[in-house]
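# Coordinate inspection notes
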Amino acid sequence: MEVPILKQGGYLIATIQAALSDADLIKLQDALVEQVGKYRSKGVIIDVTALDVMDSFATRTLRSIAHMIKLRGAETVICGIQPEVAFAMVQLGLTLEGISTALDLEEGLALLNKRTREREAARGR
Amino acid sequence: MHFSTSGLESARRHVGDEVRVLIEADSDIVLAREHGRLIGKKIGFSATDLTIIATAISEVARNILVFAKSGEIVIREVSEHGRSGIQITARDNGPGIPDISLAMQEGYSTGKGLGMGLPGSRRLMDEFQVISSAGNGTIVEMKKWVNQNG
Amino acid sequence: MAKKEDNRITSDTDQNVPSESIGELLRQLVAHLRQNRTQLRQEWARRITQAKLLTAMSQDEIFAEATTIYDNYVEALESGTFEALQGYARNLSERIIPRGVETQEVIGIVLLLRDVLARSLFAKYQHDFALLNRILDAYEPAANSIANTVAVGFVQERERTITQQQEAIRELSTPVLQVRERLLILPIIGVIDPQRARQLTEQLLRGIRTNRAKVVVIDITGVAAMDSNVANHLVQTVEASRLLGATVIVTGLSPEIAQTLVTIGVDLTKMNTVGDLQGGIEEAEKLLGYKVILVSDTTAQA
């Protein structure tokens, strides 16, 4: 199942809609990294609301996506992690250190806006 | 032994209350998780526990794929001293683990994982056991009980 | 019970009874118990009162319950199935547990009934010892199963009640409070064991989601001691909250706890800590963009 990527202003929004296989996640990674450059996006939101499990592979892949996107000059926000999923992740010993997280898409967008403003202000100085 | 893996129904092989899922592609991991949730729900686990069970299944199933290429996951309901629980057995005929205590250490990994497959799953479940030796495949057996926390 | 005995005798429902002769004996037994229902019930109720069992209940209540148990008991003897009795035992337990009836009382009354019935069998068949023996052989295992069913039913119900109460107490002991929009406070008081730590985290995570909280202040002023286990749970709680997009501020770390944590080597550097709850709330308000101004200042300016 492929993850649809929506281009919205300067951002890319990837909404995961069902449980993903490892191959799907890798496909998402390739697509996002490519499109960030193609559309000169400032930020990426990955909405994982529909994910009922985040195991070590999924977490690692999301982390590499965020790092690659950073290398391409954009910010990543992961949003919509379910309470149960967060609980299982920390029990397993998984964190998303250094990666921004938000409650849902709305919060994710607000966070990206804030980050982008801060960055532009810093550059302008 | 051969097990079909297309669709939930056809992948089910009931032996008593058991469900067996053949693990030979990454999509089978998703399938095994779903079965874990279905059976766990029937047993009476909470939403959080169901997620924990599904996560543990995901980890041991991926271990099979990464280290042995193929194997099977058997999920069944168990009861003991009046409490009920779920038992998950991951079995493969892969190269086996030469040093289990080393493999159970945090951060140890020879595959592509983060090295939390086995120790992580142990933290998620109430009981955890690995039987393996070099060249003889690996069996991971883990249990979680309803209403017991850990 | 005005049902005709003949109907019962001819209907052969005793699948659980292995041999026909035992079935026949049980049928005789059931007929005897039905014939002497009034007298045996009274005798049983009298013995219950005499033994000072079910003291929480009135005479009338005891007699009413005794009647129902008696009838269910005879039913179970006759049919060899215990579902109805089991259902009644659970129902009875549900009603009497809140009134403080103890397990030994329930077991006591069932054993008394067994005794009353056995005595009456003895009186009836004492002229024929061989027959009495056979009757008792048939009666014993059935009576034991019945006693078991009732006792187990009661104990299960009691355990269920206790679990429920524990759950309720635990919920009460970890309130997740919303003090401002998007700001939650979790004051932890008392001892944290793994089970409580888990429940606390689950409740907090749900609270973050339903209140759309962005900042959480966890106040541990009321936590007496902390070992590495508890500290690790706290770290997990903070990390899980962050995965939902919320920032956690921990307040009220006592000097002793701070020292312990450093000594046992728990890494709290990633944790946002503020001295006391008030400071924590001020910090949280700053993070949320609030600014607190004294009313007198604003009126003075106006």
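Located above this text is the structure these notes cover.
First, a word on what this report is: a plain description of the structure on this page. Note that the coordinates shown come from a computational prediction; the quantities given were computed from them, not determined experimentally.

## So, the interface of chain B and chain C
- With seven residues of chain B in contact, the opposing surface of chain C contributes four residues.
- Counting the surface lost from both chain B and chain C, the interface buries some 430 Å², and carbon and sulfur atoms represent 37% of this.
- On inspection of chain B and its partner chain C, the count reaches one salt bridge.
- In this structure, the salt-bridge partner of Asp 49 of chain B is Arg 198 of chain C, at a minimum N-O distance of 2.7 Å.
- Between chain B and chain C we count two residue pairs in polar contact (both at pLDDT 80 or more) in total.
- Of the residues that constitute the side of chain B that touches chain C, the class distribution is one nonpolar, five polar and one charged.

## Observations concerning the pattern of salt bridges
- Under the definition given, this model contains 34 salt bridges over all chains.
- We note a salt bridge from Arg 37 of chain B to Asp 52 of chain A, for which the minimum N-O separation is 2.8 Å. Taken together, the residues Arg 37 of chain B in helix H2 (residues 26-43) and Asp 52 of chain A in the loop between strand S3 (43-47) and helix H2 (56-71) connect one chain to another.
- Close ionic contact of Arg 212 of chain C with Glu 107 of chain A constitutes a salt bridge, the shortest N to O distance being 3.5 Å. One end of the pair, Arg 212 of chain C, is in the loop between helix H8 (194-211) and strand S3 (215-222); the other, Glu 107 of chain A, is in helix H4 (residues 105-124), on a second chain.
- We classify Glu 107 of chain A as buried; its relative accessible area is 9%.

## Digging into the environment of Trp 145 of chain B
Residues and elements named next belong to chain B.
- With respect to the element layout, Trp 145 can be found in strand S5 (residues 138-145).
- Separated by 19 residues in the primary sequence, Trp 145 and Asp 126 have C-alpha atoms spaced 6.9 Å apart.
- Separated by 2.9 Å, the side chains of Trp 145 and Glu 127 make a polar contact.

## Describing the packing of aromatic side chains
- Within this structure, the stated rule accounts for one aromatic pair over all chains.
- Ring geometry for Phe 122 of chain C versus Phe 129 of chain C: centroids 6.3 Å apart, planes at 65 degrees, classification edge-to-face.
- Just above the ring of Trp 145 of chain B sits the side chain of Arg 83 of chain B; from NZ or CZ to the centre is 4.1 Å.

## Quick word on the packing of helix H3 (residues 83-92) of chain A against helix H5 (residues 117-124) of chain B
- Their axes nearest at 8 Å, the elements H3 of chain A and H5 of chain B cross at an angle of 120 degrees. Accordingly, the angle class assigned to the pair H3 of chain A and H5 of chain B is oblique. Residues Ala 88, Gln 91 and Leu 92 of chain A of H3 of chain A lie in contact with H5 of chain B, whose contacting residues are Gly 120, Ser 121, Arg 123 and Leu 124 of chain B.
- Its residues placed into classes, the contact of H3 of chain A with H5 of chain B shows three nonpolar, three polar and one charged.

## Details of the pairing of strand S4 (residues 75-79) of chain A
Residues and elements named next belong to chain A.
- When you tally the buried positions in S4, you get five out of five residues, the bulk of the element.
- Here S4 shows no split at all, with Glu 75, Val 77 and Cys 79 on one side and Thr 76 and Ile 78 on the other all buried.
- In this sheet, S4 lies alongside S3 in parallel orientation, the contact comprising five bridges. Bridge pairing in S4 links Val 44 to Thr 76.
- With H3 bridging S4 and its parallel neighbour strand S5 (residues 100-102), the resulting β-α-β unit is right-handed.

Calculation notes
- Residues numbered from 1 in each chain as written.
- Chains lettered and ligands numbered in written order.
- Predicted model: local features only at pLDDT ≥ 70, side-chain atom pairs only at ≥ 80, totals over all residues.
- Heavy atoms only, no water.
- Contact = heavy atoms within 4.5 Å.
- Buried area = accessible area lost by both parts, 1.4 Å probe.
- Salt bridge = Lys/Arg side-chain N within 4 Å of Asp/Glu carboxyl O.
- Polar contact = N/O pair within 3.5 Å; in protein donor to acceptor, adjacent residues only side chain to side chain.
- Nonpolar A, V, L, I, M, F, W, Y, C, P; charged D, E, K, R; others polar.
- Helix = DSSP H or I, 4+ residues; strand = E, 2+ residues; numbered from the N terminus.
- Buried < 20%, exposed > 50% of the residue type's maximum accessible area, 1.4 Å probe, protein only.
- Phe/Tyr/Trp six-rings, centres within 6.5 Å; stacked < 30°, edge-to-face > 60°.
- Lys NZ or Arg CZ within 6 Å of the ring centre and 35° of its normal.
- Axes fitted to C-alpha atoms, helices over the stretch in contact; angles between N-to-C directions.
- Parallel < 35°, antiparallel > 145°, perpendicular 65-115°, else oblique.
- Pairing = 2+ DSSP bridges.
- Right-handed = clockwise from strand over helix to strand, strands pointing away.

Just distances and angles here, no functional claims.
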